Amino acid sequence: MYARPHPGVVFRTVSEGAVLLHTEQEIYFGLNPVGAQVWELMGSGGAELESLCVGLGELHPGVELGTIRQDVTELMRELETYELVLLEESAEQSVSAAAPGPVS
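Overview of the structure. As the structure is a prediction and not an experimental result, all values here were calculated from the model.

## Concerning the pairing of strand β2 (residues 9-14)
Right, on to step 1. Note: β2 against strand β3 (residues 17-22), six bridges, orientation antiparallel. Bridged to Val10 within β3 is Leu21.
Right, on to step 2. In this structure, the hairpin formed by β2 and β3 is closed by a connection of two residues.

## Side note on the sheet that holds strand β4 (residues 27-31)
Right, on to step 1. Across the sheet, which stays open at both edges, the three strands sit in the order β2-β3-β4 with antiparallel pairing between neighbours. Every interior strand has two partners, whereas the edge strands, β2 and β4, have only one. Put simply, the sheet's adjacent strands are angled 20° from each other on average, direction ignored.
Right, on to step 2. Across the face of the sheet, helix α1 (residues 33-42) comes into contact with β2, β3 and β4 while running at roughly 130° to β2.

## Description of the pattern of salt bridges
Right, on to step 1. Under the definition given, this model contains three salt bridges.
Right, on to step 2. Glu88 serves as the salt-bridge partner of Arg4, at 3.0 Å between the closest nitrogen and oxygen. A residue pair is termed long-range when its members are at least 10 positions apart, and Arg4 in strand β1 (residues 2-5) and Glu88 in strand β6 (residues 85-88) qualify at 84 residues.
Right, on to step 3. For Arg4, a relative accessible area of 25% gives the class partly exposed.
Right, on to step 4. The shortest N-O distance in the salt bridge between Arg69 and Glu50 comes to 2.8 Å. Remark: Glu50 occurs in helix α2 (residues 49-59) and Arg69 occurs in helix α3 (residues 65-81); sequence separation between them is 19 residues.
Right, on to step 5. Arg69 gets classed as partly exposed once you look at its relative accessible area, which sits at 34%.
Right, on to step 6. Relative accessible area serves as the criterion here: at 37%, Glu50 is assigned to the partly exposed category.

What counts, and where the lines are drawn
- Residues numbered from 1 in each chain as written.
- Predicted model: local features only at pLDDT ≥ 70, side-chain atom pairs only at ≥ 80, totals over all residues.
- Heavy atoms only, no water.
- Pairing = 2+ DSSP bridges.
- Helix = DSSP H or I, 4+ residues; strand = E, 2+ residues; numbered from the N terminus.
- Axes fitted to C-alpha atoms, helices over the stretch in contact; angles between N-to-C directions.
- Contact = heavy atoms within 4.5 Å.
- Salt bridge = Lys/Arg side-chain N within 4 Å of Asp/Glu carboxyl O.
- Buried < 20%, exposed > 50% of the residue type's maximum accessible area, 1.4 Å probe, protein only.

Printed below as a string of structure tokens:
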């Protein structure tokens with residue numbers, strides 16, 4: 001699964017983690033420090049969830065990858081609920097969905 005930030009979302013770090021503001025929906029969402037790390041790993045262009053999990057695992061080597069996968073998936077589903085991230089099956093689908101189709 002591929003996750004990318006919604007284009008209308010602004011990310012700012014704060015002392016307790018980070019805040020997200022969806023400028024179109026006027027939704028404010030707080031992230032703890034680990035959630036902020038996930039967002040930063042995702043970057044503005046997005047990332048595969050597995051890449052996010054592996055990157056987070058490198059930052060937290062004492063945590064099992066299965067636990068990280070479960071927590072990251074849960075976070076992404078919650079962020080999707082508030083339209084803060086866009087989830088797609090894969091990066092290729094994201095690119096092909098944006099490409100214009102053939103003209104008849």
